[in-house]
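Structure assessment
Spelled out from the first residue to the last, the chains are:
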Amino acid sequence: MSKRIDNSCDSAPPVDLAFKCINSMEDVLQEDPRQGIKPIRRCEDGKLMSRALRLNNNTLTDLHGFRDVMEKLLSDAARLCWIDLSFNDLPSVDPVLTTYRDLSVLNLHGNSISDLSEVDKLAALPNLKSLSLHGNPIETEKGYRSYILCLLPGLKSLDFSAVTKQDRVTAEVWRRMNLRPKHSKRTKKE
């Protein structure tokens, strides 16, 4: 029996700004979201009522101004729970993403993240269940999957693949082999 991961967060559709040639966060406010089958409602002040955002397949190189733009765009920006930033040119995991405590799905695949330690920032997200990072240079690092699963034990899906019991066992063995103990070893006299 497969476990289904809730990627919707709620019944509102995502704000779809994919494939809009957006190269800075300021550009986001100049674009109209793509209309889907189910329309996105707006509150009295015109802000969009959604907790999900698609900014994939654009040309973003950083997320400077992300928080301010989200506050102007969304009615309840602090409760974002699903963000797709895949297929941009992001070289790092921007710390602003870690301020969205409800974030459960984060897609960062197909970017330019080359330092595996960038993933360390995501440990601050207590509700993160699904993460995609494949297609970044870090994917070629030895122990890539095990490192991420050690760091983020709450993940249910990594790179669109369910995290299995065997993945967890492998990650634990990897952790024991690669992380040094924090205490000093006893000498023979002790």
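The rules behind each value
Residues numbered from 1 in each chain as written. Predicted model: local features only at pLDDT ≥ 70, side-chain atom pairs only at ≥ 80, totals over all residues. Heavy atoms only, no water. Helix = DSSP H or I, 4+ residues; strand = E, 2+ residues; numbered from the N terminus. Buried < 20%, exposed > 50% of the residue type's maximum accessible area, 1.4 Å probe, protein only. Contact = heavy atoms within 4.5 Å. Areas by Shrake-Rupley, 256 points an atom, 1.4 Å probe, with all protein chains shown as cover. Core = buried A, V, L, I, M, F, W, Y, C linked by side-chain atoms within 4.5 Å. Salt bridge = Lys/Arg side-chain N within 4 Å of Asp/Glu carboxyl O. Axes fitted to C-alpha atoms, helices over the stretch in contact; angles between N-to-C directions. Parallel < 35°, antiparallel > 145°, perpendicular 65-115°, else oblique. Arc of directions from axis to C-beta. Polar contact = N/O pair within 3.5 Å; in protein donor to acceptor, adjacent residues only side chain to side chain.

Right, let's get into the overall build of the chain. Helices and strands together make up the secondary structure of the chain, namely four helices and seven strands. Ordered by position from N to C terminus, the α and β elements of the chain give β-α-β-α-β-β-β-α-β-β-α. Looking at the 190 residues of the chain, the share that counts as buried comes to 42%. Intrachain contacts of the chain at a sequence separation of at least 6 include 64% that bridge at least 24 residues. For the chain, the accessible surface area stands at approximately 11200 Å², while carbon and sulfur atoms represent 51% of it.

What follows deals with the nonpolar core. Core analysis: the biggest nonpolar cluster contains 47 residues, and Leu55, Phe66, Met70 and Ile148 have the highest contact counts within it. Those elements that place two or more of their residues in this core are α1 (25-28), α2 (66-73), α3 (144-151) and α4 (165-178). With near-sequence residues (within four places) excluded, Phe66 lies in contact with Met25, Leu53, Leu55, Leu80, Ile83, Val96 and Tyr100.

Okay, the pattern of salt bridges next. Taken as a whole, this structure holds nine salt bridges when the rule is applied. Salt bridges sharing partners connect three or more residues here, namely Arg51, Asp76, Arg79 and Asp102.

Moving on, we get to unusual backbone geometry. When glycine is set aside, most residues are seen to have a negative phi, and most peptide bonds are trans. Here Asp159, not a glycine, exhibits a phi torsion of approximately 55°, which is positive. The phi torsion at Phe160 lies on the positive side, around 65°, for a residue other than glycine. Note that Phe160 resides in the loop between β6 (157-158) and β7 (161-162). Phe160 sits in the exposed class, given a relative accessible area of 52%.

Turning our attention to the packing of α3 against α4. Where α3 contacts α4, the axes come no closer than 8 Å and their chain directions differ by 90°. When the axes of α3 and α4 are compared, the pair comes out roughly perpendicular. In this structure, α3 contributes Arg145, Ser146, Tyr147, Leu149 and Cys150 to the contact, and α4 contributes Asp167, Arg168, Thr170, Ala171, Trp174 and Arg175.

Quick look at α2 now. Looking only at α2, the buried set comprises Phe66, Val69, Met70 and Leu73. Looking straight down α2, one finds that the buried residues subtend no more than 100° of arc, so they occupy a single side. Those residues of α2 that are exposed and angled more than 90 degrees off the buried face are Asp68 and Lys72.

Examined against the element boundaries, Asn111 turns out to sit in the loop between β4 (105-107) and β5 (130-132). When its relative accessible area of 6% is taken as the criterion, Asn111 is described as buried. Side-chain polar atoms of Asn111 contact the backbone nitrogen of Asp89, separated by 3.3 Å. Apart from residues no more than four positions distant in its own chain, Asn111 is found in contact with Leu85, Ser86, Phe87, Asn88, Asp89, Leu90, Gly135, Asn136 and Pro137.

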